[in-house]
Amino acid sequence: MGDVLVKEVVTRKDLREFIYLPEKVHKDDQNWLPPIYMDEWELFDKKKNKSFQYADTVLYLAWRDKQPVGRIMGIINRRYIEINKEYHGRFCFMECYEDPEVFHALISRVEEWARQKGMVKLVGPLGFSDKDPQGFQIEGFEYPKFIVAATNLPYMPQMLEREGYEKKVDLVNYKVRIPEELPVIYKKVLSRVSNNKEFKILEFTAKKELRPYILPALELMNESFMEIYGFVPLTDKEKKDLADRYMMIIDPRFVKLVVAKGEVVGFAVGIPDMSPGIQAARGRMFPFGFLKIISEAKRTKNLLMMLGGVRKSFRGQGIDVLMAVKILESSIKSQMETIDVHLVLETNTRMRAECERVDGRILKKWRIFQKSL
């Protein structure tokens, strides 16, 4: 077996190897969920992905015997550093076969790159922001995968720990079985909030009804997510790009907004779980993959909660319960059976309490790691 050679991704051919390497690594994993490759090409395109404008980045491929055997991305998010004064580099999108030598070659290369850039710590897996897959999955490998979550094999976090990395923070996935009737506590809070004329809940039946509220909702996300680890506020251009990216898969039935005095003060966004359709399409939208994805979105019985937030000055007034009730009502009407609330920070006690209030149970766990350089 030849030596491991780590080279920077420079050409489009290199990038193709980088993007498609995971499907080779996971070829024997029937549960693996591929990305949508059309999105991957945009994610790694410095002209289309505006996040590159405020981040130093590097992509590496590991080669052995002239075959790609591993990959990793390094990121220094200058905007995050400016806001939080944490000189931490990030690694992300790491994949390799179960080969400690390859793993070591990749992670040590990014460590050296980050050290040369003046960083004092390396954290990850963590992308440009918390909108990218975060952490290595450490529990719940027996359960189905879903989009926007890491899909690594169990040996990856084990090899990372052998490199001297330790826990930074965990994220969890709650599975909620949709109840036949609302919990008593929800009924009480709903009754109180419903009598408050200051709040108005907005529900939608068509995407065109949503458009005027997308940017205000993303403005609120910028405000309400500031205390979430790893979050970086979106620029106006990034808000538009994110809105365009998700408009195709958003289902208006599962978008709820709360307004007060004409301003959005709360939002919740869910989408039908189309993950099995993406698996069937092997991540390829064309020529017929999009039909498999759309078909799965129509027949699924599982809802994925993607985003949600309440303006800080309005928290504790029942707005989160009001939106949760409306999501549950829409789910029941649409004959959904379960809800996946994914990637909840273990420190987010408010969100975790809401999940546990409806008997949600933790199925999966991801971990973001750290190491001093």
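Here, the structure is the one placed above.
All residue numbers refer to position in the chain's written sequence, counted from 1. Restriction of local features to residues with pLDDT of at least 70 applies here, the model being predicted, together with a cutoff of 80 or more for giving and counting side-chain atom pairs; totals for whole chains, interfaces and linings are based on all residues. Values reported for side chains reflect all heavy atoms of the structure, with hydrogen atoms and water molecules removed beforehand.

### Concerning unusual backbone geometry
Right, so step 1: Here the residue pair Gly124 and Pro125 is connected by a cis peptide bond, since its omega of -5° sits within 30 degrees of zero.
Right, so step 2: Considering the arrangement of structural elements, one finds Pro125 in the loop between strand 5 (121-124) and strand 6 (136-139).
Right, so step 3: Residue Pro287 follows Phe286 across a cis peptide bond; omega there is 5°.
Right, so step 4: Under the scheme used here, helices are H or I runs from DSSP no shorter than 4 residues and strands are E runs no shorter than 2 residues, and both carry numbers assigned from the N terminus. One can find Pro287 in the loop between helix 9 (275-281) and helix 10 (289-299).
Right, so step 5: The phi dihedral of Lys85 falls on the positive side, at around 55°, and the residue is not glycine.

### Structural notes on the packing of aromatic side chains
Right, so step 1: Note on aromatic pairs: the rings of Phe, Tyr and Trp (six-membered ring only in Trp) are paired at centre separations within 6.5 Å, and the planes decide the class, stacked below 30 degrees, edge-to-face beyond 60, tilted for the rest. One pass over the full model with this rule turns up 12 aromatic pairs.
Right, so step 2: Arranged with centres 5.3 Å apart and planes meeting at 75°, the rings of Phe44 and Phe93 form a pair that is edge-to-face. In this pair, Phe44 is assigned in the loop between helix 2 (37-43) and strand 2 (55-64) and Phe93 in strand 4 (residues 88-96), connecting sequence segments 49 residues apart.
Right, so step 3: Relative accessibility under 20% of the residue-type maximum defines a buried residue, over 50% an exposed one, and the middle range a partly exposed one, all with a 1.4 Å probe and only protein chains included. With a relative accessible area of 13%, Phe93 lands in the buried category.
Right, so step 4: Taken together, a centroid distance of 5.7 Å and an interplanar angle of 55° make the contact between Phe204 and Tyr213 tilted.
Right, so step 5: Since its relative accessible area comes to 29%, Tyr213 is described here as partly exposed.
Right, so step 6: Whether a charge lies above a ring is judged from NZ of Lys or CZ of Arg, which has to be within 6 Å of the ring centre and within 35 degrees of the ring normal. When the ring centre of Trp41 is taken as reference, the NZ or CZ atom of Arg12 above it lies at 4.4 Å.
Right, so step 7: Lying over the aromatic face of Tyr60, Arg109 brings its terminal NZ or CZ to 5.5 Å of the ring centre.

### Some remarks on the environment of Val169
Right, so step 1: Structurally, the position occupied by Val169 is in strand 7 (residues 166-177).
Right, so step 2: Put simply, Val169 and Glu346 are 177 residues apart on the chain and 7.3 Å apart in space, counted from C-alpha to C-alpha.
Right, so step 3: Any two residues whose heavy atoms approach within 4.5 Å are treated as being in contact. Setting aside anything within four residues of it in sequence, one finds Val169 in contact with Tyr229, Leu345, Glu346, Trp366, Arg367 and Ile368.

### Things to note about a nonpolar patch on the surface
Right, so step 1: Patch membership needs two things, relative accessible area over 30% and no salt bridge, and members are linked within 9 Å if like-charged or within 5 Å if nonpolar (Val, Leu, Ile, Met, Phe, Trp, Tyr). Methods summary: accessible areas were calculated by the Shrake-Rupley approach with a probe of 1.4 Å, and residue burial reflects only the protein chains presented. Every case where a carboxyl oxygen of Asp or Glu lies within 4 Å of a side-chain nitrogen of Lys or Arg is listed as a salt bridge. A contiguous nonpolar surface patch, about 330 Å² in accessible area, is contributed by Met38, Met248 and Phe286.
Right, so step 2: With respect to the element layout, Met248 can be found in the loop between helix 8 (236-247) and strand 9 (255-260).

### A short note on the nonpolar core
Right, so step 1: Take the buried residues of types Ala, Val, Leu, Ile, Met, Phe, Trp, Tyr and Cys, join any two whose side-chain atoms come within 4.5 Å, and each joined set is a nonpolar core. Ranked by internal contacts, the top residues of the largest apolar core, which has 52 residues, are Phe44, Met73, Phe91, Met94, Leu106 and Ile107.
Right, so step 2: Contributions of two or more residues to this core are made by strand 1 (4-8), helix 1 (12-25), helix 2, strand 2, strand 3 (67-77), strand 4, helix 4 (100-116) and helix 5 (155-162).
Right, so step 3: Ranked by the residues each element gives to this core, the list is headed by helix 4, at eight residues.
Right, so step 4: Not counting residues up to four positions away in its chain, the partners in contact with Phe44 are Leu15, Phe18, Ile19, Phe52, Leu59, Met73 and Phe93.

### Here's the deal with the pattern of salt bridges
Right, so step 1: Applying the stated rule across the entire model yields 21 salt bridges.
Right, so step 2: Residue Lys27 pairs with Asp28 through a salt bridge whose shortest N-O separation is 3.4 Å.
Right, so step 3: Taking relative accessible area as the criterion, Asp28 reaches 67% and is therefore assigned exposed.
Right, so step 4: Salt bridges sharing common partners tie together Lys167, Asp170, Glu346 and Arg367.

### Structural notes on helix 6 (residues 184-194)
Right, so step 1: Every buried residue of helix 6 is listed here: Tyr186, Val189, Leu190 and Val193. Along the long axis of helix 6, the arc covered by the buried residues comes to 105°, so they all point the same way. Facing away from the buried side of helix 6, by more than 90 degrees, are the exposed residues Val184 and Lys188.
Right, so step 2: Of the surrounding secondary structure, the elements contacted by the buried residues of helix 6 are strand 8 (199-202), helix 11 (319-333) and helix 12 (349-357). What the arc measures is the spread of directions leading from the helix axis to the C-beta atoms.

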